[in-house]
Amino acid sequence: MHFSLIPADINAPSLQDQVCSQLREHILKGLYVRGQRLPASRVLAAELGVARVTVEAAYVRLEAEGYVQRRVGAGTFVAIDVLTRFPAKPVAGQAIAGPSQRGLATQLATRLRFDVPDQRDFSAGLPDLRVFPRELWLSLQSRIVRGPESDALMDYGDAQGYLPLRQAIAAYLAQSRGVRCHPGQVLILSSSQQALQLLATTLLDPGDVAWVEDPGYHGARAAFQAAGAILQPVGLDEEGLLWREPDGSCTLPKPRMIYVTPSHQYPLGMRMSLARRMDLLSTAQAQRAWVVEDDYDGEYQYDHKPLPAMQGLDDAGCVLYVGTFSKVLFPGLRLAYVVAPEPVMPALIAGRRACDGHSSQLQQAVTAAFISQGHFSAHLRRMRLLYRSRRDCMLQALAPLGELLQPTGFASGLQFAGLVQPGQEAPLTAAARRSGLALRDLHYAHLGPITREGWLLGYAGLNHEEIRDAAGRLSRVIRGATKR
């Protein structure tokens, strides 16, 4: 513990008073806890540079005050539970009562998310806003604002979402992703993170087990942990989530919820095989568990024909399908959706109503028009071609690194993982930051032991010149570090 003693003089407290005061403060702040042994008087006296008799006298005073208990031959021990007997005085401007256990869990679970650097060099998961058809969007918006529905769209809206948008989403998902649903099963939300939070708080009880991919998406972990769930990390292989032992058995605790990103696993990029999807649905049905299918960038498939969504294979009604417009349109739109089985829809709608009511009616109407008039499909076709060319550019620019950087999971999505050898991620990341290059480390995606090291490298938001520049700087960092 840190002590700061003032040399004794006429105006300063005695050394004994100072030792007493600072020990008392450490105990009251919880730096020493009930039952913890304090340093021996000889050791503390040597550390503080005071006479042993000074420390002995301080310990005697603290024992008389009830702060410590001295045991002959054993030492001096803290005698109080500061949390119950001596609550700390509130600081001016600080709340008297602290966060709930769920609030503390949310704070802890989301800490890593905000510790990730504000990365722009490899803009992982971000579309290129410079190529979005803004004039078309503004034209649709202007027409709707001047239309007969404008007054209604400026009023409060349906908690489930604007009906024409739900109809457009249901039709699009049925055609492009093989999702089987009707508009009554679609719930409009502000983001996929809000969707995960709503699903967690509505369908999980404290103590329920949630299986999560490891490495996997930190936002899902945060939502489930904040709801009081016990997180069970589940490893991955080339076919995706791997919950079975080699003999086919499963030794993991029974789940209430299973979170997967089957179309483009976050962050490693593999897609779950059809056989594995069917097995997972069978497991979920047998365990009476929910499956949360996060299809965050399932629209961007480059090197193979996309598999249908797991939701379209689900005959038991256990899949909750989550999608967002942040990746395919623009993040500031703040629109996402959940497709859920009919029996659970009333609870989800009530939770949405209690949370923030509804998303912007006007933006929902513009999005509905953008989809129903065919602009959305045309936009996606253009973006697939553009992002594929940028993916190819990134792979070509990083190819000279050879085995020093292994790209993986680049057949789809807006980013891929670049893997390095064990033990290299931390020093290379530090070297990159010293050179002004921000990287998103893969260790942030791990809940259990670190199994893959490297970075998440985005390319969709960068043009070819920016890609070559960022890749060149990363190459120089890696080569410079490996030559030492």
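Note that this is a predicted model, so its numbers are computed, not measured.

1. Considerations on the environment of leucine 335
Following the sequence through the fold, leucine 335 ends up in the loop between strand 10 (319-324) and strand 11 (336-339). The spacing of leucine 335 and glutamine 364 is 29 residues in sequence and 7.7 Å in space, taken between C-alpha atoms. In this structure leucine 335 touches Leu165, Ile188, Leu189, Ser190, Thr324, Phe325, Ser326, Ser359, Gln363, Gln364 and Thr367, once residues within four positions along its chain are discounted.

2. Regarding the pairing of strand 15 (residues 453-458)
Among the six residues in strand 15, six count as buried, and that is most of the element. By the bridge criterion, six bridges tie strand 13 (residues 415-420) to strand 15 in an arrangement that is antiparallel. Within strand 15, the residue paired with valine 420 across the bridge is glutamate 453. Here strand 14 (residues 440-441) pairs with strand 15 via two bridges, running antiparallel. Its bridge partner lying in strand 15, aspartate 441 is registered against tryptophan 455.

3. A word on empty space enclosed by the protein
For the structure shown, the criterion picks out three cavities of 30 Å³ or more. Considered as a void within the structure, the largest cavity measures approximately 60 Å³ in volume. Tyr266, Arg440, Asp441, Tyr444 and Ala445 are, among the 10 residues lining the largest cavity, the residues nearest its centre. The class makeup of the residues in the lining of the largest cavity is seven nonpolar, one polar and two charged.

4. Points about the side chain of glutamine 194
Position of glutamine 194 relative to the elements: it lies in helix 10 (residues 192-203). A residue is classified by how much of its surface remains accessible, and glutamine 194, at 14% relative accessible area, is buried.

5. As for the pattern of salt bridges
Counted under the stated rule, the structure contains 17 salt bridges. In this structure, the salt-bridge partner of aspartate 279 is arginine 244, at a minimum N-O distance of 2.8 Å. Placement of aspartate 279 in helix 12 (residues 274-287) and of arginine 244 in the loop between strand 7 (240-241) and strand 8 (257-260) is noted, with a sequence separation of 35 residues between them. With relative accessibility at 25%, the residue aspartate 279 sits in the partly exposed group. Judged by relative accessible area, arginine 244 falls into the partly exposed class, the value being 31%. Linking arginine 391 and aspartate 392 is a salt bridge whose minimum nitrogen-to-oxygen distance equals 2.8 Å. Residue classification places arginine 391 among the buried residues on the basis of a relative accessible area of 3%. One network of salt bridges, in which partners are shared, links Asp128, Arg130, Arg390 and Glu466.

About the thresholds
Residues numbered from 1 in each chain as written. Predicted model: local features only at pLDDT ≥ 70, side-chain atom pairs only at ≥ 80, totals over all residues. Heavy atoms only, no water. Helix = DSSP H or I, 4+ residues; strand = E, 2+ residues; numbered from the N terminus. Contact = heavy atoms within 4.5 Å. Buried < 20%, exposed > 50% of the residue type's maximum accessible area, 1.4 Å probe, protein only. Pairing = 2+ DSSP bridges. 1 Å grid on protein atoms, 1.4 Å probe; cavity = no way out; pocket = protein on both sides within 12 Å on 5 of 7 lines; lining within 4 Å. Points joined across faces, edges and corners; volume = space filled by probe spheres on them. Nonpolar A, V, L, I, M, F, W, Y, C, P; charged D, E, K, R; others polar. Salt bridge = Lys/Arg side-chain N within 4 Å of Asp/Glu carboxyl O.

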